[in-house]
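Each chain, letter by letter, is given below.
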2 protein chains.
Amino acid sequence: MKVKDLGEFKLIEVIEHVIGKHGTGAIQLGIGDDAAAWRSNGSIELCTIDTLVQDIHFNLGNTGYADLGWKALAVNLSDIAAMGGMPLHALVSLSLPGYTEVDDIKKLYEGMLKLARKYDVAIAGGDVVRAPQLTISISVIGRATGDTVLKRSAAAAGDHIAVTGTLGASAAGLQILTGKLAPPDGEAISTLRMAHLTPEPRLAEGQLLAKNGVKAAIDISDGLLGDLGHICTSSAVGAEIYAGNVPVNPLVSTVFKEDAVRLALSGGEDYELLFCAAPQVIGVIKNTTDTQITVIGSITDGHPGEVILLDADGNKIKPDEKGWNHFS
Amino acid sequence: MKVKDLGEFKLIEVIEHVIGKHGTGAIQLGIGDDAAAWRSNGSIELCTIDTLVQDIHFNLGNTGYADLGWKALAVNLSDIAAMGGMPLHALVSLSLPGYTEVDDIKKLYEGMLKLARKYDVAIAGGDVVRAPQLTISISVIGRATGDTVLKRSAAAAGDHIAVTGTLGASAAGLQILTGKLAPPDGEAISTLRMAHLTPEPRLAEGQLLAKNGVKAAIDISDGLLGDLGHICTSSAVGAEIYAGNVPVNPLVSTVFKEDAVRLALSGGEDYELLFCAAPQVIGVIKNTTDTQITVIGSITDGHPGEVILLDADGNKIKPDEKGWNHFS
C-alpha cells in the first residue's frame, strides 16, 4: 500500500503503532498531540517539529521570504500554544537549492526573528543542507507554564466546544494568493493575504486556557472540522457543531458570501485554538480575555471521532470537505 | 550572490550574523556548535536538528529504509555526543512522496528505533508531510551529564589533538555503495558499507571526555581536516596534524591502499570524535576507555582556522580536499 492511498492520518497511526511496540520511555503524551511533553526537573517540557515544503505548503511566486520565515516559526509556536505552553528556543533546518539568493535567506531569517522577538524565543541553532527545493523544518522547545498541558485526548461528553477569534481568513487569503478570487477591495485583499502568510500563534490564549482548567485543545491547522475530528478520535467522543454559530471572519463573509462558511469550517491554517471544557470554565475564560471566544457546539457520547454538523433547526448538514489530507 | 557561490560555511556565518543582531536570549552556545545548549532548572539542556535529503545525503538505490532510519537518528545522536551529552527524546519530521510504500516507512522507523532503544532515546513525536522526495529532519533533545559541555570554541594552543576509533571506513563504504570501487573481499565490502550506512554515535566517549575535563570537541561529519578547521576557526587557533599518525581504518588501508589516507583525512561521516586537551588529560582518557584514542597533532598559535598537514619529516603536505562543502 502506498502512502497516498493510506492518507496522512492513517500513516501517523501506523507510525504510532511501530513506535508504540517499543515504548516511548518518559514521554507523557507522545506522538499524536501537537507537541511532545515530558517532565524534567519538576516542570513539563514541550517540543514540536514542523516542516514546510516549497510548492506543497508555500509557493515562492506568491510568498515573500520574510513572510515565509514568520510562518515557518508561527506554525510551531501555534503547536506550543495548543499545549498551553510557553516557547523558549527554536532550531531551524533549512534545505535549499544552491541557486537560492543569500539575500533571500537573510530575509527568511529576518521574518522568523520578527516573530521570535515578539514572543522572546531564541533561535538557538540549526543546520543548512542542499536540496532540490526549499524545505524549512523548525523544532521549538518550550515549557508548560503550570503543572498541566492541554491535550487532544481530554475532551469529555458534556463539554462545550469553543474557538478563539474568527475563522476562514487564512483560506480566503490562499484563494486570493492563488488567483482563484480577486476581491475588488484592496484592503480586504491585503488583510486576508496576511492572515494566510503571517498567522499569529495564540500563545497568551493557550496559557490562559491551561491556567483556567481547560484540559482539551488543538490548534486549527487542518480546518475546524478536521481538527475537531482529531480531538474526538483521541478522546473517543463525538461532537455536534452548530454551523450558524461558527465565527466566520466578517471580511470573509463580505467577500466570499455563500462560500464563507465552508472556508471557516474546512479551510484550515487559521491557527486559532479549538478547545473543550465545562460551560462554566468557558464562561470564566470569556470574562478574562479580550480575545473573541465563541461556543460552537458540544462534545457528545456519540460515535467516537464523529463530528456532526447541524443547521439552525438542528438538522444534520454535510460539510463539503473535512479538513485536509495532506497526501490527497 | 547565490548560496552555491558563497558556500555552506559562509552561509552559516551570514545566518549567525542576522540572528546575532537580535540576540539569542538564554542560549549559552548558540549557532555554530554541534547542538544548542542552555541552562534549565540547574542542568544544561541540549538540542540538535539535522536533515537528510534524498539524492543529496542518501540514495534509495543503495540504501535500505531501515539503515536510513538508523543513520538519520545517528547523525543527531553524534551531535549530542560531540557536546558530551546524553540524548533523551527525538522528534521526527518526514517529508515524503505519496507513492512511498507504507511498509518502507515502517522499516524506516524500525531502523530508527533499533538505535533509539540502544541509547534509551524516546521517539516523542513528529510530523509527516508530502514532498517531491524523501527528506528526514530529526531533532534530538538531550542533557549534559555534568556541569559542562564540549565546545568547538574551547581549543587552546598547546592542546594535543586526538580522535576516537579509526577513520576512512565511511567514505570507503560510500565508494563501494556508489560502485566506484568493488573490493574482491565480500566481508570487507559488507563491513565498509555498514560503516557508511549505520554509523555508531560515540555517546559514551563524549560523556567520558566531558567528565575528564576535555573542553573542545566536534564529531567528524565533514571530514577530519574540515571539522578540525571548524574547531580552529571557532577557537581562533591553528593546528598541525601529522598525516602518518592519523588512525586509518586497517580495512581501508588494505582495500584502498594509497587512497586510504586521503579517505581518512577528508572522507567524512565517520562520526568519530575529534577533541583537544592537555596531554595529561588525554593520557587519563586513554587509561579509562577501551576505545582507541590516537593523538594526531597539536593546537598552535598559528593563523586562526588554519590546519597544517605534516609528513613524517615535519614537511608541510597539501591535502587533496578539505572536508566537504555541501553546496559545491
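Just so it is clear, the model here is predicted, and its values are computed rather than measured.

The rules behind each value
Residues numbered from 1 in each chain as written. Chains lettered and ligands numbered in written order. Predicted model: local features only at pLDDT ≥ 70, side-chain atom pairs only at ≥ 80, totals over all residues. Buried ≥ 20, exposed ≤ 12 C-beta atoms within 10 Å, placed from the backbone. Helix = DSSP H or I, 4+ residues; strand = E, 2+ residues; numbered from the N terminus. Pairing = 2+ DSSP bridges. Axes fitted to C-alpha atoms, helices over the stretch in contact; angles between N-to-C directions. Domains from an automatic or database assignment. Contact = placed C-beta atoms within 7 Å. Least-squares fit on C-alpha atoms with pLDDT ≥ 70 in both. Parallel < 35°, antiparallel > 145°, perpendicular 65-115°, else oblique. Left-handed = near helix turned anticlockwise from the far one by under 90°. Nonpolar A, V, L, I, M, F, W, Y, C, P; charged D, E, K, R; others polar.

## Some details on the pairing of strand E9 (residues 273-277) of chain A
Walk down a regular strand and you will see the side chains alternate between the two sheet faces.
Residue and element names in this part refer to chain A.
Logical step 1: When you tally the buried positions in E9, you get five out of five residues, the bulk of the element.
Logical step 2: Two elements, strand E7 (residues 216-219) and E9, share four bridges in a ladder whose sense is antiparallel. Across the sheet, the residue bridging to Ile218 is Leu274, located in E9.

## Thoughts on the sheet that holds strand E2 (residues 43-53) of chain B
All names here are of chain B.
Logical step 1: Strand order across the open sheet formed by five strands is E1-E2-E5-E3-E4, with mixed pairing between neighbours. If you trace the sheet from one side to the other, it starts and ends with strand E1 (36-40) and strand E4 (122-130), each paired once. Recorded for the sheet is a direction-independent mean angle of 20 degrees between the axes of neighbouring strands.
Logical step 2: Across five bridges, the pairing between E1 and E2 is antiparallel. When the sheet's bridge partners are listed, Ser40 is paired in E2 with Ser43.

## So, the domain arrangement of chain A
Residues and elements named next belong to chain A.
Logical step 1: Segmenting chain A into domains produces domain 1 (3-16 + 23-144) and domain 2 (152-317).
Logical step 2: The C-alpha centroid of domain 2 is placed 22 Å from the C-alpha centroid of domain 1.
Logical step 3: In this complex, domain 1 contributes 22 residues to the contact, which on the side of domain 2 involves 21 residues.
Logical step 4: Of all the secondary structure elements, the ones that give two or more residues to the side of domain 1 that touches domain 2 are helix H3 (65-82) and strand E3 (85-96).

## Structural notes on the relation of the copies chain A and chain B
Logical step 1: Relative to chain B, chain A is turned by 180 degrees and slid 0.0 Å along the rotation axis, the superposed coordinates differing by an RMSD of 0.0 Å. As the rotation angle and translation indicate, the two copies are arranged about a two-fold axis.
Logical step 2: Looking at the interface residues of chain A, 100% of them are also at the interface in chain B, so both copies use one shared face.

## Regarding the packing of helix H3 (residues 65-82) of chain B against helix H7 (residues 203-211) of chain B
Residues and elements named next belong to chain B.
Logical step 1: Across the interface, H3 lies against H7 with an axial gap of 8 Å and an inter-helix angle of 15 degrees. Comparing their axes, H7 and H3 come out roughly parallel. Regarding H3 and H7, the two cross each other, and that crossing is left-handed. Along the contact surface, H3 presents Leu77, Ile80, Ala81 and Ala82, while H7 presents Leu203, Glu205 and Gly206.
Logical step 2: Residues of the contact of H3 with H7, tallied by class, amount to five nonpolar, one polar and one charged.

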